[in-house]
Amino acid sequence: QIGDTMGRLAQKFPVSLGVLGNLSVGLQQLLINVESDGNEGFKSVVATRNQAMKVRQEELIASADERLKKQWDARPMAPARAVHEIQSALPKNAIIVDESITASIEVQSMPFKEAGDFYGARGGGIGQGLAGALGIQVAHPDRVVVCISGDGSAMYSIQAFWTAARHNLPIVFIIMANREYRVLKHNLDIYRNRFNVPSNRPYPFMDIAPELDFVSMSKGMGVNGQCIEDADELKDAIKKAIALKQPCLIEVVVSGKQ
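One structure accompanies this document, and this report is about it. (Residues numbered from 1 in each chain as written. Predicted model: local features only at pLDDT ≥ 70, side-chain atom pairs only at ≥ 80, totals over all residues. Heavy atoms only, no water.)

You can see E99 is positioned in strand β3 (residues 95-99). Overall, the relative accessible area of 3% leaves E99 in the buried class. Once you skip the residues sitting within four places of it in the chain, E99 turns out to touch G125, I126, G127, Q128, G129, L130, I148, S149, G150 and S153. (Helix = DSSP H or I, 4+ residues; strand = E, 2+ residues; numbered from the N terminus. Buried < 20%, exposed > 50% of the residue type's maximum accessible area, 1.4 Å probe, protein only. Contact = heavy atoms within 4.5 Å.)

Next up on the list: the sheet that holds strand β4 (residues 118-120). As summarised here, the arrangement of the 6 strands in space is β4-β3-β5-β6-β8-β7, forming an open sheet in which the pairing is parallel. Each edge of the sheet is formed by a strand with only one pairing partner; in this case those strands are β4 and β7 (224-228). Put simply, the sheet's adjacent strands are angled 15° from each other on average, direction ignored. One ladder, built from 6 bridges, connects strand β6 (residues 172-177) with strand β8 (residues 248-253); its direction is parallel. Bridging from a neighbouring strand, I174 pairs with I250 of β8. Across the face of the sheet, helix α10 (residues 231-244) comes into contact with β6, β7 and β8 while running at roughly 170° to β8. (Pairing = 2+ DSSP bridges. Axes fitted to C-alpha atoms, helices over the stretch in contact; angles between N-to-C directions.)

Turning next to the pattern of salt bridges. Applying the stated criterion to the full structure yields 9 salt bridges. When the shortest N-O distance is used, the salt bridge between D117 and R143 registers 2.8 Å. In this pair, D117 is assigned in the loop between α4 (104-107) and β4 and R143 in the loop between α5 (128-139) and β5 (145-150), connecting sequence segments 26 residues apart. By relative accessible area, D117 is classed as buried at 11%. A salt bridge links R179 to E251; its shortest N-O distance comes to 2.8 Å. Taken together, the positions of R179 in the loop between β6 and α8 (182-194) and E251 in strand β8 put the pair 72 residues apart, joining distant regions of the chain. Of the residues examined, R179 reaches a relative accessible area of 21% and is grouped as partly exposed. Exposure remark for E251: the relative accessible area of 3% places this residue in the buried category. (Salt bridge = Lys/Arg side-chain N within 4 Å of Asp/Glu carboxyl O.)

Okay, the packing of helix α3 (residues 79-89) against α10 next. It is at 9 Å that the axes of α3 and α10 come closest, and there the two elements cross at 35°. Every pair of crossing elements has a handedness; the one defined by α3 and α10 is right-handed. Contacts between α3 and α10 involve R81, A82, E85, I86, S88 and A89 from the first element and A231, D232, L234, K235, I238, K239 and I242 from the second. Taken together, the residues of the contact of α3 with α10 break down into 7 nonpolar, 1 polar and 5 charged. (Left-handed = near helix turned anticlockwise from the far one by under 90°. Nonpolar A, V, L, I, M, F, W, Y, C, P; charged D, E, K, R; others polar.)

A cluster of nonpolar residues, I2, L17, V19, L23, L27 and L30, forms a patch on the protein surface that exposes about 510 Å² of accessible area. Mapped onto the secondary structure, L23 falls in helix α1 (residues 23-34). Relative accessible area serves as the criterion here: at 37%, L23 is assigned to the partly exposed category. (Patch = residues over 30% accessible without salt bridge, like charges linked within 9 Å, V, L, I, M, F, W, Y side chains within 5 Å. Areas by Shrake-Rupley, 256 points an atom, 1.4 Å probe, with all protein chains shown as cover.)

So, about unusual backbone geometry. Here the residue pair R75 and P76 is connected by a cis peptide bond, since its omega of -5° sits within 30 degrees of zero. Following the sequence through the fold, P76 ends up in the loop between α2 (40-71) and α3. The omega torsion across A209 and P210 is 5°, close enough to zero to call that bond cis. Mapped onto the elements, P210 comes out in the loop between α8 and α9 (214-220). Notably, N196 is not glycine yet its phi reads approximately 50°, a positive angle. Residue placement: N196 occurs in the loop between α8 and α9. Positive phi values are uncommon outside glycine, yet F205 reaches one of about 60°. Along the chain, the position of F205 falls in the loop between α8 and α9. You can call F205 exposed: its relative accessible area is 85%.

Membership of the largest hydrophobic core comes to 27 residues, with the highest contact counts inside it found for M77, I174, L234, I238, I250 and V252. Elements represented by at least two residues in this core include exactly α3, β5, β6, α10 and β8. Broken down by element, the residue count for this core peaks at 6 residues, all from α10. Discounting residues that sit within four places of it in the chain, I174 has contacts with I86, V146, C147, I148, S149, I238, I250 and V252. (Core = buried A, V, L, I, M, F, W, Y, C linked by side-chain atoms within 4.5 Å.)

See below:
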């Protein structure tokens, strides 16, 4: 770990080696050493890791394809089907900003080719998706930016709609609305299993009721929107939204926790 102050070294995680120094200079020197001809051992480690990552990605895509086949005709539409339709509508230069949370495994199985085609959060923070898409669009004004968010996570920074309208940022916001904090339900299941505490009690305060009307919220902040429930309509809706070259919202009604 490289840190520019003593207080940040090993502050959150134990490290085997902590180095105090300037981050920019340190990273530049690290890159020079990694790329040097005398570092074949390190390059071999990197190549092995990259191959393992490639295998894991292939397995992820295969499992996503299997889920898609099983859930193709599900009503309400399954997140896997929604992501498939999104992928089929994207132009080659599109950037995906992801905070779909429980659908992220589907989004990450999309065939991204280059660094910078995908942005998402690391860790357990929620609320960066809609807001983060603003910065990505400003940084890449010549590319199509599509933001995919869950409905629960969208509410953390819903005012991003207003900023997109104020600065006319042509982002296509896609909110996957399952009317629940689904990731919290999954977490509760994990905790119950971990401590062997079976329960037939419901998930307290984890359903979004009354239902949120994202189309009305977006229009109230200057962004036109529509709600899609039929998977067969989603691809054309996204293409039309991209062609408008202005901020748009597509609320997609998807199935909840199975």
